Each structure stands twice: as C-alpha cells, then as structure tokens.
Amino acid sequence: MGGFYVAQLGKILAKLRQERRLTKEQLGQVLCVSAGTISNYEKDVHLPDADKLIMLADYFHVSTDYLLGRTRIQETQTDFQKKILENKMTFTAFNTFLNLPKDLQKSFAHILSSLELNVMIDQYWEKDSS
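Residues numbered from 1 in each chain as written. Predicted model: local features only at pLDDT ≥ 70, side-chain atom pairs only at ≥ 80, totals over all residues. Heavy atoms only, no water.

A.B. asks: I tried to follow the nonpolar core on my own but got confused; where do I start?
C.D. replies: One broad trend across soluble globular proteins is that nonpolar side chains are buried collectively. Counting 17 residues, the largest nonpolar core has L13, L16, L27, L56, F60, V62 and L67 as its most contacted members. Taken together, the elements giving at least two residues each to this core come down to α1 (2–19), α2 (24–31), α3 (35–42), α4 (50–60) and α5 (64–67). Those residues within four positions of L27 in sequence are excluded, and the remaining contacts are L13, R17, I38, L56, Y59 and F60. (Core = buried A, V, L, I, M, F, W, Y, C linked by side-chain atoms within 4.5 Å. Buried < 20%, exposed > 50% of the residue type's maximum accessible area, 1.4 Å probe, protein only. Helix = DSSP H or I, 4+ residues; strand = E, 2+ residues; numbered from the N terminus. Contact = heavy atoms within 4.5 Å.)

A.B. asks: Can you walk me through unusual backbone geometry in this structure?
C.D. replies: In terms of backbone geometry, most residues other than glycine have negative phi values and most peptide bonds are trans. Here the phi dihedral of C32 falls at roughly 60°; this positive angle occurs in a residue that is not glycine. Note that C32 resides in the loop between α2 and α3. The backbone phi angle of H61 is positive, close to 55°, even though this residue is not glycine. Of note, H61 is situated in the loop between α4 and α5. What makes H61 exposed here is its relative accessible area of 55%.

A.B. asks: Can you walk me through the pattern of salt bridges in this structure?
C.D. replies: Should their charged atoms come close, side chains of opposite charge can pair. Enumeration over the complete set of coordinates arrives at four salt bridges. A salt bridge links E42 to R17; the shortest N-O distance between them is 2.5 Å. Here R17 lies in helix α1 and E42 lies in helix α3, a separation of 25 residues in the sequence. Neither residue differs from the other here; E42 and R17 are each classed as buried. (Salt bridge = Lys/Arg side-chain N within 4 Å of Asp/Glu carboxyl O.)

Right, dumping it as structure tokens:
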C-alpha cells in the first residue's frame with residue numbers, strides 16, 4: 001500500500017513543480033534539500049519525511065492527502081471552506097437584490113457593481129425585460 005502513495009507523490013510533485021516552472025534546485029532551496037533529493041522524490045526512490053511533506057503541501061497550497069494521491073481535490077480544507085463562505089455570501093447578496101423593490105434594485109446594483117454579482121444581475125435584468 002505504501003508503494004502506491006510513493007508512486008503518486010512522485011508524479012504529483014513533478015506536476016506541481018513543472019506547473020509553477022520551478023527547477024529541482026529552486027524547490028530544493030525551499031525545502032533545504034538538494035536537487036538530487038527532489039529528483040529522488042519525483043522518481044519514487046524515497047518518500048519525504050513528515051516535515052518535508054507538510055512543507056511541500058504548504059508551499060503548493062495543497063493538502064498532504066493530495067500529495068499522497070489519497071484525494072484529487074487540490075485545495076486545503078481551509079481554502080475550500082473560504083470558497084463555500086464566499087459563495088454563500090454572494091448567494092445571500094443576490095437574494096437580497098432579488099427581494100428589493102424594482103426602484104431600489106438599481107441603487108443596490110450600483111453599490112455592488114464592483115462585485116461578481118454584476119453578471120448575475122445583468123442576466124436577471126435580461127430575463128426580466130424579455
């Protein structure tokens with residue numbers, strides 16, 4: 001079972017490093033290890049110890065489970081919770097907009113014009129005018 005995770009880690013680590021256009025030397029500097037050690041991680045020669053695994057997860061903003069191939073979800077639980085909260089706030093704000101009288105909707109839309117609600121509000125008005 002451990003071999004499966006090591007094989008996943010090597011592929012995942014190489015992919016993350018390459019996506020960010022980092023050399024093995026640059027990533028090695030982040031972890032205070034040699035480029036050869038990074039190469040060994042990526043070739044599945046050995047698994048990083050726990051503290052290096054955590055450093056990798058923090059550096060790439062992913063979970064350790066993602067690095068180990070235990071989940072396909074890259075983002076950390078905290079990042080995921082932030083996205084849910086942001087979406088909930090957007091939904092709440094849009095519902096507030098929908099429940100306003102028509103004359104106040106334009107004022108509210110003007111206030112919110114810098115937010116992502118613009119698209120939703122525009123779509124609402126397009127439907128309303130049809």
